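Structural overview
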Amino acid sequence: MSTPVRRQYLSIKKQYPETVVFFRLGDFYETFDDDAKAVAKALDIVLTSRRVAKNQRVPMAGIPHHAAENYIARLIRAGFKVAICEQIGSQPINGLVPREVTRVITPGTVVEGNLLADNENNYLAAIIIRQQRAGIAYVDITTGEFAATQMENTNIERLVLNEITRLKPAELITPDAASHQPAAPLNIPHSLYEDWRFDLDHARRELQNHFDVATLNGFGLQGKPLAVQAAGAVIQYVAQTQKQALNHITRLNVYSTDSFMDLDAATRRNLELTETIRGGSGPGSLLHVLDKTITAMGGRLLRTWLHQPLLNVEALNRRLDAVAALAGATLARSDIRTRLKTVADLERLTNRVSQGIALPRDLQAIGRSLDAVPDIQAIINAEAAANLADFVGQLHPCNDVVSLINAAISDEPPAVLSKVGVIRPGFSAELDAIIAGSRDAKVWVAGLEAVERERTGIPSLKVGFNKVFGYYLEVTKAHSERVPPEYIRKQTLVNAERYITPELKEYENLILNADERQLDVEQRIFKEVCAQIAAAAERLLATSRALARLDVAASLAEVALANNYVRPQLHTGDSLHLVNARHPVVEQMPLRDADGLATTFVPNDTQMSAEALIHVITGPNMSGKSTYLRQVALIVLMAQIGSFVPADRADIGLVDRIFTRIGAQDEIHAGQSTFMVEMVETAAILSQSTPRSLIVLDEVGRGTSTYDGLAIARAVVEYIHNNPNIRAKTLFATHYHELVEVAKTLPHVRNYNVAVAEEGSRVVFLHKIVPGGADRSYGIHVAQIAGIPKAVVDRANELLEQLEGSADFREQKEKARRVISGVQMSFFAPETHPLIDDIKALDIDSMSPLEALNTLYKLKQRAEE
Ligand SMILES: Nc1ncnc2c1ncn2[C@@H]1O[C@H](COP(=O)(O)OP(=O)(O)OP(=O)(O)O)[C@@H](O)[C@H]1O
Ligand SMILES: [Mg+2]
């Protein structure tokens, strides 16, 4: 028969089969059986054993409870979920302390500071996909943000993937593996959550109960059953794992992905919005350039903006107005930013308070943060002209909260609640009485010896203390007869007796229990204070949202000034006009020319419209084609989050999507051929872009043979150009010089190339985009710069010369040209005679007289056939 504790453990563990159970035993969290083995291994701690029945021992591994946070963090990172099973109360019932699981920690429901990145949200997301529709809901329990959407599309998996890429959730739950499918490549911890949790009626009831409403229509959920299902599942999951967190999930934001620019996973990656292609979050990403935010809330908001560009001119102009106002008010801006430095993560702190996990210093941090609010308000209001205050929104100084915290929390409270000294003296009469009582009692006891010697006339009377009897009065046997009658004898020693008095015991009581009572009362008061602050959570969260907006706008203003950005003029037309535009990230990097000398970034213009719809950009390797393409896309994106842009002038017709495809060479994919990936992605673009989209194609078609590549490139350009449902503004960089021929037949195609200056044998890349096509690659030149040995470079040049001179080479060039012009004929011109095509395609200038003669013979021969 196993011990009662063992039986208790097993019955709890049964409810959490997939989860490591941290079972509280005194000062330790213990794990048992397989959990213990796994935990010991993952945390590198000792695996011991515990006797659970006669002749039975089971594996056990434990960690001290005060160090748990760190260990839990490591387990979560290693992919475990952890159920915290606490002792409830301190009184055993039938000899057994009751225990229950108070929270389950999963990647999406952590609240521990050391598991969270300040500037990133930590989302738990649910996905459900049914035919061509999907519901997505997500929550960040550290901030209280809760949102849901429903989407519909013939390619629903793509939309789901886009949204999940944007959110980068810490954890995903789905009813079935199929719903998880689209997100699978993202490598996000994923749990199958029971089917019935997603059941529509059940989910709806759960949401209604949670928000205490009779209908969900107020949230805008009518007609969005899948959004309801996903949101309902999220609420249930939170209830199961972090019940306290439910308190401050007070709003559900039902949104539509239609109001944001559509950015797919590949585009977010290619444009290096928040991370570089290599996966780094440091220098190299757009966020890194734009993020001069000071607060954690501001940092998170900027990241959100960056991943959700807007489609509405008015909304964007409101943001741009705020940025402009702050850019124009240098003094105010710098004052605001100085004040923001004292603002802590008010959003997460407020939620810690609501969840009942706040510590004394969290309250201090809230107080300190709120202190900044009146100053900031004053500065903003002084900038009345700019409507800045409207943009920022409700800032509440929350004086009641500040005074409460100042009054209640001592100046230097302990870091934990298990120590006394949290509550400031003077705040609670009850607490003060306990502390004063204990102090008085100590004084009284300290003075007792003298008092009693005097009173009894026993000079050797001593006051002492031991653990068994507490305080006592000791009188040597020689003086026994002078002991007063009220002394109660407690202990007899060889030559002394020890006594107590009722009064002494009373004082002793005051002294001995004082700490414990003080702790009890302090904890109770702290809870009450937290409850009062939690009642102000709405105001606090509104304030933290406003501070975040202010922080982001001030940051964008700061960046705009530092980097010479200009306010973009936004409109709903189809043109895009940039003057002296730069790549926001590359221009920040130290640039060197071919000779290794420092250079500056060369600005470029862009002029696109329905007329000049497709720009084909040719140019040597390393000349700046890719940089230019990304520069245009990034500037449009920056404008559509409300940022100023790196240019002297920017008139931008809003775009609904940006698509980028980067030729295979830059990317490594597992499992699929690079060319396959490229084609799949290109197919997606062709099916989804609209006349309001911006398409950036960099070397598409490069992953296959020249002719296939050329043919595909040509066909893609034609398709975009001719299909009225697409006609998207397109930038197409290519190595295939032959592609410039396309402009001859497609009226809205324009050729550009990157200018090169040849100074003798030296080649200088000017990085300037100029009209017209290029005709040389300078690949060998680049090889030389890259440090390929001179002998190899020389040999390559020699081979190239031979090759260019050979008939074979010219024939190939010819064939390539025919791929282009041949396709063109079949598509756009009435059937003409192939012989005429061939004559047209002849490059007489490059023929030797003998070749010309031979060609003429051949033509005549074919004409006679
Ligand atoms: N406008 C510019 N001003 C100054 N330097 C630039 C500019 N554009 C590009 N560069 C420099 O040239 C380098 C190569 O640019 P990029 O990768 O865009 O060339 P590319 O033409 O796409 O080359 P490839 O054909 O090999 O893909 C950049 O890393 C940058 O250092
Ligand atoms: Mg390139």
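Preceding this paragraph is the structure being described.
A few points on the structure.

Calculation criteria
Residues numbered from 1 in each chain as written. Chains lettered and ligands numbered in written order. Predicted model: local features only at pLDDT ≥ 70, side-chain atom pairs only at ≥ 80, totals over all residues. Heavy atoms only, no water. Near = heavy atom within 4 Å. Polar contact = N/O pair within 3.5 Å; in protein donor to acceptor, adjacent residues only side chain to side chain. Areas by Shrake-Rupley, 256 points an atom, 1.4 Å probe, with all protein chains shown as cover. Nonpolar A, V, L, I, M, F, W, Y, C, P; charged D, E, K, R; others polar. Core = buried A, V, L, I, M, F, W, Y, C linked by side-chain atoms within 4.5 Å. Buried < 20%, exposed > 50% of the residue type's maximum accessible area, 1.4 Å probe, protein only. Helix = DSSP H or I, 4+ residues; strand = E, 2+ residues; numbered from the N terminus. Contact = heavy atoms within 4.5 Å. Phe/Tyr/Trp six-rings, centres within 6.5 Å; stacked < 30°, edge-to-face > 60°. Pairing = 2+ DSSP bridges. Axes fitted to C-alpha atoms, helices over the stretch in contact; angles between N-to-C directions. Disulfide = S-S within 2.5 Å. Patch = residues over 30% accessible without salt bridge, like charges linked within 9 Å, V, L, I, M, F, W, Y side chains within 5 Å. Salt bridge = Lys/Arg side-chain N within 4 Å of Asp/Glu carboxyl O.

Some remarks on the site of ligand 1
Around ligand 1, 15 residues are found, and the nearest of them are V602, M622, K625, S626 and T627. T627 is positioned with one of its side-chain polar atoms (N or O) 2.5 Å from an oxygen atom of ligand 1. H767 is positioned such that a nitrogen or oxygen atom in its side chain is 3.4 Å from a nitrogen atom of ligand 1. Protein chains bury 79% of the 630 Å² of accessible surface belonging to ligand 1 in isolation. Counted by class, the shell around ligand 1 contains five nonpolar, eight polar and two charged residues.

Topic: the nonpolar core
If you look at the biggest cluster of nonpolar residues, it comprises 127 residues, and the most contacted ones within it are L290, L363, I366 and I658. Counting residues per element, this core draws most heavily on helix α19 (residues 537-562), at 12 residues. Setting aside its immediate chain neighbours within four residues, I658 contacts M261, D262, L263, T267, L271, A633, V636, L637 and L694.

Considering the packing of aromatic side chains
A full pass over the atoms with the stated rule returns 13 aromatic pairs. With a centroid separation of 6.1 Å and 65 degrees between ring planes, the pair formed by F23 and F32 is classed as edge-to-face. The exposure classification of F23 matches that of F32, with both residues buried. Aromatic pair Y123 and Y138: ring centres 4.8 Å apart, planes at 70 degrees, arrangement edge-to-face.

Focus: the sheet that holds strand β19 (residues 576-581)
Ordered in space as β18-β24-β19-β22, the four strands form an open sheet in which the pairing is mixed. Two strands bound the open sheet, and with one partner strand each, they are β18 (569-571) and β22 (604-608). Taken pair by pair, the neighbouring strands of this sheet meet at an average axis angle of 15 degrees, ignoring direction. Here β18 runs beside strand β24 (residues 649-653); their pairing, made up of three bridges, is parallel. Across the sheet, residue Q569 finds its bridge partner in β24, namely D651. Packing against the sheet, helix α20 (residues 625-639) makes contact with β18, β19, β22 and β24, and its axis sits at approximately 115 degrees to β19.

Quick look at the state of the cysteines
Counted under the stated rule, the structure contains zero disulfides. Lacking any disulfide linkage, C398 is separated from the closest cysteine sulfur, that of C530, by 15 Å. Residue C530 is classed as buried on the basis of its relative accessible area of 9%.

Thoughts on the sheet that holds strand β28 (residues 749-759)
Overall, mixed pairing links the seven strands, which are arranged β13-β25-β26-β27-β23-β28-β29 in an open sheet. Pairing within the sheet leaves two strands with one partner each, and these edge strands are β13 (262-263) and β29 (762-771). Sheet analysis places β28 next to β29, joined by seven bridges and oriented antiparallel. Looking across to β29, one finds that N753 is bridged to V770.

Let's talk about the environment of V451
With respect to the secondary-structure elements, V451 resides in helix α17 (residues 429-456). Here V451 falls in the partly exposed class, since its relative accessible area comes to 48%. C-alpha separation for the pair V451 and L512, spaced 61 residues apart in sequence, amounts to 22 Å.

Side note on a nonpolar patch on the surface
The grouping of L853, L856 and Y857 at the surface amounts to a nonpolar patch, some 360 Å² of accessible area in total. Relative to the assigned elements, L856 resides in helix α28 (residues 849-864). In this structure L856 comes out as exposed when scored by relative accessible area, which is 55%.

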